[in-house]
Amino acid sequence: MSMAPMNPFMGEVAQTNVTGLNCLWLQKVDYQISPIAPNNTTVLANTALTASVQTLATGITNPDVARNTVVKGAIATSTGNVVVTGTDIGGNAITETIALSGTTVVAGNKAFAAVMQIVLPVTSGAGDGVSVGIGSKLGLPYTFTKNMLSKAYNNNVLESTTPTMSTPDPVNLCNNTITLASTLAGNLLDILLDVPG
């Protein structure tokens, strides 16, 4: 018989040596994922733009873990909005609009676990196209009201620079992300978080 996982959301408190004075109980969790390196074409290979807006629901590959998407135009004049629709790590529907900037890679902020649809803008000239890839912002499985990141290990090596956590969002799971200073290469990450009880 398997045991039910511990519920960190019971509002537990810890007693102190002072009668009547309690402290909030925190649980330290180890969130383990093995994200591959960021790239520009994982979700959608370069796709030619046309004179009409295109809505794609095929030819799409989901990110390996919940993480942000990135977009890249094929020519210097690539412009317009790419609209990515999918779900976050909790299965909640999310949409993000990312504006193209020529051949510069533009990163989104929301962590997508799955991508169901991509809307592409109209062409800006001969050879224009768009690719959609994966970025370095990794989605967390909790909503937070403040930065509760303790530390992180990449391939069992402690990050010498503390990972950057996005602005905590207590409502939208997809907005709670971290970015490591070290290189992502499919290695095991241990992300240690303090979760309020």
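See above for the structure.
Residues numbered from 1 in each chain as written. Predicted model: local features only at pLDDT ≥ 70, side-chain atom pairs only at ≥ 80, totals over all residues. Heavy atoms only, no water.

Caption draft 1: A look at the pairing of strand 8 (residues 93-99). Alternating positions in strand 8 separate cleanly, Ile94, Glu96 and Ile98 being buried on one face and Ala93, Thr95, Thr97 and Ala99 remaining unburied on the opposite face. The pairing of strand 7 (residues 81-87) with strand 8 spans seven bridges and is antiparallel. Its bridge partner being in strand 8, valine 83 is matched across the sheet by threonine 97. Where strand 7 hands over to strand 8, the hairpin turn is made up of five residues, of which glycine 91 adopts a positive phi near 85°. (Buried < 20%, exposed > 50% of the residue type's maximum accessible area, 1.4 Å probe, protein only. Helix = DSSP H or I, 4+ residues; strand = E, 2+ residues; numbered from the N terminus. Pairing = 2+ DSSP bridges.)

Caption draft 2: Broad picture of the pattern of salt bridges. Per the stated rule, a full pass over the model turns up two salt bridges. Salt-bridge contacts for aspartate 194 lead to lysine 28; the nearest nitrogen and oxygen are separated by 2.7 Å. With aspartate 194 in strand 16 (residues 189-196) and lysine 28 in strand 3 (residues 26-33), this residue pair connects regions lying 166 residues apart in the sequence. Between arginine 67 and aspartate 64 there is a salt bridge, and its shortest N-O distance comes to 2.8 Å. (Salt bridge = Lys/Arg side-chain N within 4 Å of Asp/Glu carboxyl O.)

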